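# Structural overview
So you can see what is in the structure, the chains are spelled out below.
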Amino acid sequence: LLFPQKLWKMLESSKFPSIWWSEGGKCVAINKDLFEVEVLGRKGQQVFHTQKMKSFMRQLNAYGFIKMQRDFQRSASLPEFLAEEVAAAAHSQILYYYNPSFNRAHPWLLEACKRR
């Protein structure tokens, strides 16, 4: 299978809690630390031909995925701001990638997801 097809199968599987569909099936969400251990750190049964997150992200970019940034609205009060900072720090381990040809609701678009 090609990279996008492997990624799709992984997202549709319940075997890998480190990666899931986000934004109504339009984005891929990856818990970076967990993904490195759970998927890239697998011995013997490698899903992708790499053990490095940087190489995996290069593959995403090669197939037209772009990294999405999360914007957080900040509160004016100090206690609320500090609580939001803790939540944002935990959330920073989550990476979001988008490709218009990689959409859960439109699996036929997967054919258009080609390597650049």
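Here, every reference points to the structure presented above.
Cut-offs and rules
- Residues numbered from 1 in each chain as written.
- Predicted model: local features only at pLDDT ≥ 70, side-chain atom pairs only at ≥ 80, totals over all residues.
- Heavy atoms only, no water.
- 1 Å grid on protein atoms, 1.4 Å probe; cavity = no way out; pocket = protein on both sides within 12 Å on 5 of 7 lines; lining within 4 Å.
- Points joined across faces, edges and corners; volume = space filled by probe spheres on them.
- Helix = DSSP H or I, 4+ residues; strand = E, 2+ residues; numbered from the N terminus.
- Buried < 20%, exposed > 50% of the residue type's maximum accessible area, 1.4 Å probe, protein only.
- Pairing = 2+ DSSP bridges.
- Axes fitted to C-alpha atoms, helices over the stretch in contact; angles between N-to-C directions.
- Contact = heavy atoms within 4.5 Å.
- Phe/Tyr/Trp six-rings, centres within 6.5 Å; stacked < 30°, edge-to-face > 60°.

## Let's talk about the layout of surface pockets
Here the largest pocket is characterised by a volume of approximately 160 Å³. In this structure, the largest pocket is lined by Leu-1, Lys-6, Lys-9, Met-10, Ser-13, Lys-15, Phe-16, Arg-42 and Val-47.

## Details of unusual backbone geometry
In the Ramachandran plot, Glu-23 falls in the positive-phi region, its phi being about 50° despite a non-glycine side chain. With respect to the helices and strands, the residue Glu-23 is situated in the loop between β1 (19-22) and β2 (27-31). Look at Glu-23 and you get partly exposed, because its relative accessible area is 45%.

## A look at the sheet that holds strand β3 (residues 66-68)
The strand order across the open sheet built from four strands is β1-β2-β4-β3, with neighbouring strands paired in antiparallel fashion. At either end of the open sheet lies a strand with only one pairing partner, and these are β1 and β3. The average angle at which neighbouring strand axes cross in this sheet is 35°, direction not considered. Bridge count between β2 and strand β4 (residues 94-98): five bridges; the pairing is antiparallel. Its bridge partner lying in β4, Val-28 is registered against Tyr-97. Packed on one face of the sheet, helix α2 (residues 32-40) meets β1, β2 and β4 and runs near 80° to β2.

## Section: the packing of aromatic side chains
Taken as a whole, this structure holds nine aromatic pairs when the rule is applied. Considering the side-chain rings of Phe-35 and Phe-56, the 4.7 Å spacing of their centres and the 45° angle between planes classify their relative orientation as tilted. Within this pair, whereas Phe-35 is found in helix α2, its partner Phe-56 is found in helix α3 (residues 53-62), the two being separated by 21 residues in sequence. Look at Phe-35 and you get buried, because its relative accessible area is 0%. The class for Phe-56 is buried, based on a relative accessible area of 0%. Following the ring pairs from residue to residue traces out a cluster consisting of Phe-3, Phe-35, Phe-48, Phe-56 and Tyr-63.

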